[in-house]
Structure formats: structure tokens, C-alpha cells
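Per-entry structural report
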Amino acid sequence: MNKEELDFILQEGEGLNIEFKESFDKSLAREIVAFANTEGGRIFLGINDCAEIKGINVTNKLKSQIMGIARNCDPAINIDLERFDKILIIDVKEGDDKPYSCSLGFYLRQGANSQKMSRNEIINAVIKEGKASFDRLINIEFDLNKDFDKNKLKNFLEKAEIKTKLSKENILINLGAAIKKGNLVCLNNAGVLFFSKDLNLFFSQAYTTCVRYKGETRTNVIDRIDLKGDLIEQVEESVKFLLKNTRLAYKFTGKPAREEIPEYPTDAIREAIINAIMHRDYFEVGSNVYLNIYSDRIEIISPGGLFKITKKELGKKASRRNEIIANLFHRIGFGEKLGSGIKRMNELMVEDGLPKPKFDISKNFFEVDFYGPGETVLGSTEKVGEKVGEKVGEKVGEKLTNNQELILKFINENKSISIVHLSEKIGIATKNVEENISKLKKKGLLERVGSARGGFWRAK
């Protein structure tokens, strides 16, 4: 702290990270807790609410009292003290073990004030910090004798390649899907999500909606289904819907069997579906997972934003909101437990000559978008879900180079795109772009409408 910085703070006044207090009193605990529960901040003892320096007698006893208040918070809060002239500055860092409380209760910083947290705010803070995990909570409504589906457990064990003679109770306990309380075996929510006869009886929000739209907007629906089975069924049925509602072309290699070319790399979309179902926030009762298929892209939306990581750390660090669900999926080969799923999605899309998926993350939702080859590359006459014949196979396979496919893709996205811009996006010289465009024109796949300056491309 120096005089220039202090002058600036006095002019700015109190705010989200600044609090003035003229003298010491026990309400100081409220301000410390509020800063720790929010973004951190500094408390200036010896300055009144009008930003006037009144000064305070800074003694070792005062410092000890303040440190004692911070230690007596639940959990204890680490603070730093700095003396500047006649002012004592209390530096409170944002806590990493929220929510914090003091004898006066739980507090949050809102603007320039510290407000007592409501019941829902406390619950949300507990959930956000992972203190209460949905999948670990015991489901007291589930009756193991009436609601349990033994065939689903059998199916799970087969997929996990587990052979055992243990009772279903011991199997569920060892899988982490149940606990023993006295003489009773009680399933947790993860166990219910995987092994219940009727999941909708317990969690109406735990389903996946799959929709195929006509065109690039949500105006016209071609196909739709709500998947309300267990989590394994939701993954498998979502992939079936994907294959049914995306196009398939053939590449003729000269061998007896033709090579099938899906519109999107199936494994990449499957990975995203698994992640959406695995990591969604099941506390959110008003939302479900969505798989939306458009003519130019696939959109997968999951309730719940990032959990304990930042967007920059996405794909580099792993943080699982639902640890038991993730473990159960991992046992049957669903998903990448160590956070490598995003890297795998990126690699699979690039291998197919498609852009890496785009991520749109908010406080309450996680969305991933996969952009496909577009209508031109796979042909514009085939129906959704129909296996396309030799003409399309030639376009995708032997007749078009990767650069030509990219040119058609980018032109389909932007009909006014320039040759220079195409060169930059593809990473080849403008001369090579012009040569490929000339070849596409000769094949009847591309034409220029209007002048070079004011016209546009038309892909056929």
C-alpha cells in the first residue's frame, strides 16, 4: 500500500472488494466471512463510511483480536494484516472451502454491502463446492425389493466383464451404488439412475431429449424422442438416434466391400453424449440433456456449468461433479475418466477434416457444438438417415481432395468468402485455392455468380 493507491481507493469508495470501518467491533466477523464467501477483498480499519480517515490505534492486542475472529470462523479463514500510517488493512482472500460462517451466520458480499445468506444460497454454495454430491445421497424412497431391476445389473456386469457369485446387495455395495445401514442395503442416487425399473418415478429431470430439425434452426422438427430409461440406455439410444438422423456416404476403394463414411465421427459425438449425461447437474430439476441435430451441426446441451475448473483448464484438468456415476461409466468403457475426452473429440473431428468442437459455457449450462461437412460435401439430394449411393461416394471419396472439401465447406458457410480468406482458413497459398476452385468448377460443383468483387459463390 502507498499513498497514491490509498487516495485512489478513497475516491472510489466502498464496493464489492472494499469495506471501510471506523473502529473495531465484533461485526468485523461478518465482513471477513462475506469476503471469503465471495471474491475476497480488503477491510480498512480507521476509515469511516464517508471515506474519511479517522485513524485507529494499531496495537498487537488489536491484531490478535482480529486474527482470533478469523480463526473462529467455520472453517477458519486465513487473513493478512498490513499497517499503513494510522490505518489497519485486513486482506481477506476468496476461500477455497466455502461456505464460511461466523457466530452471526453466513454472509455474502453484494455490491458494497455484506448480506446474510438465505437458505437457498447456502444450499447452492454447498452444492457448488461439491460438499453435497447428488449421486452419493441415499435415496430413501427406493425399495430394493420392489424398484430394483436385476436385468439391468446383469447387463451392467456383462458390459464390465465382471463374473461373480456375490449377492446383488454385495455387488451394489462394491460398485459404490449402495451402502449398508444396519440390516438394510440402501441405494444411493447413482444406483437408482443405473438400476431402477422406472427412473421417472424418482427423477423426472433425468432424461435425454433427442431432436432432428430441418435446416439450421429449430423451426421444423423432423424427428424427436425423450429417452427416460437408465443412464446406459440413454447413451445407447442417443447414439442410435444420431445414426438414424445423420447421413452416410460410401467410398469406393476397389475392394469388394465399400467403405462407409458417416457425416460425423460417431465416437466423438458419443463421447460428448456420455460427458453430458455423466457430468450434468442432477440437482437441476427444470432441465435435461439435449441432443439437437441440424443440417449443418450437432448441438449437445447439459444442465450445469463447469465444476471446480475454469474454461482455460477445460480438457487439461479433470473435475467430476458425479464421481460414482463417472466410475460406473468407466467400468463399462463409457467415457474417459481422466479428463481426456475433450482431446479425443478434437482429434476425431480433425481426422475427419472437420473443425474442432466449440464449447459454450455459462453458469447453468454446458454446450458443445460439432460442425459437419455441410450439405454440399455429402450431397444435397439424399434424405436424412438414407444410405447414399455411388454419386455421393465419389464426391466424398476419390474425386475430391481434402482441400477441395474444405473449400466447399467454407463456401457453404459463407457464400461471399474471398480467395484470400479461403487461403488463410485452409492454410494453403491463394494460387492453390484458385487451382482447386477451377477443378471444382469443371466438375460442376461450384460456380461464381456475378462479378469477382460483388458476386458470390454457389456450391451445387
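Below is a summary of the structure that appears in this document. Fair warning: this is a prediction, and the values are worked out from it, not measured in the lab.

Moving on, we get to the overall build of the protein chain. Tallying secondary structure elements over the protein chain gives 16 helices and 19 strands in all. Sequence separation of 24 or more characterises 62% of the internal contacts of the protein chain that already satisfy a separation of 6 or more. Carbon and sulfur atoms make up 46% of the accessible area of the protein chain, which totals about 24200 Å².

With that out of the way, let us pick up the sheet that holds strand β1 (residues 18-21). Spatial ordering of the open sheet is given by β1-β2-β4-β3, a layout of four strands whose pairing is mixed. Each end of this open sheet is capped by a strand with a single partner; those strands are β1 and β3 (79-84). Within the sheet, the average angular offset between the axes of one strand and its neighbour, ignoring direction, is 20 degrees. Across the face of the sheet, helix α1 (residues 3-12) comes into contact with β1, β2 (41-45), β3 and β4 (87-92) while running at roughly 95 degrees to β2. Across the sheet, helix α3 (residues 60-71) touches β2, β3 and β4, and the angle it forms with β3 is around 155 degrees.

Another aspect to go through is the pairing of strand β16 (residues 358-361). Here β16 runs beside strand β17 (residues 365-371); their pairing, made up of four bridges, is antiparallel. When the bridges of β17 are listed, D360 appears paired with E367. Between the end of β16 and the start of β17, which pair antiparallel, lie three residues.

Another aspect to go through is α3. Across its 12 residues, α3 extends 16 Å between first and last C-alpha, which sits within 8% of the 16 Å expected from 1.5 Å per residue. Among the residues of α3, those classed as buried are L62, I66, G68, I69 and A70. Against the buried residues of α3 lie α2 (28-37), β2, β3 and β4.

The next point concerns the pattern of salt bridges. Pairs may arise between side chains of opposite charge once their charged atoms sit close together. The full count for this structure, using the stated rule, is 21 salt bridges. For R30, the salt bridge identified is with E31, shortest N-O distance 3.1 Å. The salt bridge partner of K93 is D91, with a shortest N-O separation of 3.3 Å. Residue D91 is classed as partly exposed on the basis of its relative accessible area, which comes to 22%. One salt-bridge network, in which partners are shared between bridges, spans E19, R30, E31 and R109.

A separate point is the packing of aromatic side chains. Pairs of aromatic rings are described using the distance from one ring centre to the other and the angle between the two planes. This model, assessed by the stated rule, comprises 13 aromatic pairs. Ring plane angle 80 degrees and centroid distance 6.0 Å describe the contact between F20 and F44, whose orientation is recorded as edge-to-face. Taken together, the positions of F20 in strand β1 and F44 in strand β2 put the pair 24 residues apart, joining distant regions of the chain. We classify F20 as buried; its relative accessible area is 2%. An angle of 15 degrees between the planes, with centres 5.2 Å apart, marks the rings of Y213 and Y294 as stacked. Separated by 81 residues along the polypeptide, Y213 in strand β10 (residues 208-214) and Y294 in the loop between β14 (289-293) and β15 (297-303) bring together distant segments of the chain. By relative accessible area, Y213 is classed as buried at 9%. Aromatic rings pair up to connect F148, F156, F194, F195, F329 and F334 into one cluster. Residue placement shows K228 over the ring face of Y207; its charged tip is 5.2 Å from the ring centre. Here the basic side chain of R270 rests over the ring of F334, its NZ or CZ set 4.8 Å away from the ring centre.

Right, let's get into the pairing of β15. With respect to burial, β15 is a largely interior element, seven of its seven residues being buried. Covered by surrounding structure in β15 are R297, E299, I301 and P303 together with I298, I300 and S302, the residues of both alternating faces. Bridge count for β14 against β15 is four bridges, and the pairing is antiparallel. Considered in β15, the bridge of N292 is made with E299. In sequence, β14 turns back onto β15 through a hairpin of three residues. Bridge analysis of β15 against β17 gives seven bridges, and the strand direction is antiparallel. Residue R297 lies in a different strand from β17, and its bridge partner there is Y371.

Conventions adopted
All residue numbers refer to position in the chain's written sequence, counted from 1. Side-chain atom pairs in this predicted model are given and counted only at pLDDT of 80 or more, local residue features only at pLDDT of at least 70, and totals for whole chains, interfaces and linings cover all residues. Hydrogens and waters are ignored; side-chain quantities use all the structure's heavy atoms. Numbered from the N terminus, helices here are DSSP runs of H or I no shorter than four residues, and strands are runs of E no shorter than two. The contact rule is simple, with two residues in contact once any of their heavy atoms fall within 4.5 Å. Note on areas: Shrake-Rupley with a 1.4 Å probe; residue coverage comes only from the protein chains shown. Here the rule is simple: two strands pair whenever DSSP picks up at least two bridges between them. Axis definition: a line fit to C-alpha positions, over the contact stretch in the case of helices; interaxial angles, taken between N-to-C directions, run 0 to 180 degrees. Helices are assigned an expected span. That span is 1.5 Å times one less than the residue count. Here the term buried applies to any residue with accessible area under 20% of the maximum for its type, exposed to any over 50%, and partly exposed to those in between, with areas from a 1.4 Å probe on protein chains only. Each salt bridge in this description consists of a side-chain nitrogen of Lys or Arg and a carboxyl oxygen of Asp or Glu lying within 4 Å of one another. Ring geometry is summarised as follows: Phe, Tyr and Trp rings, the Trp one being its six-membered ring, pair when their centres sit within 6.5 Å, and such pairs are stacked at plane angles under 30 degrees, edge-to-face over 60 and tilted between the two. Geometrically, a charge over a ring is one whose NZ (Lys) or CZ (Arg) sits within 6 Å of the ring centre while staying within 35 degrees of the ring normal.

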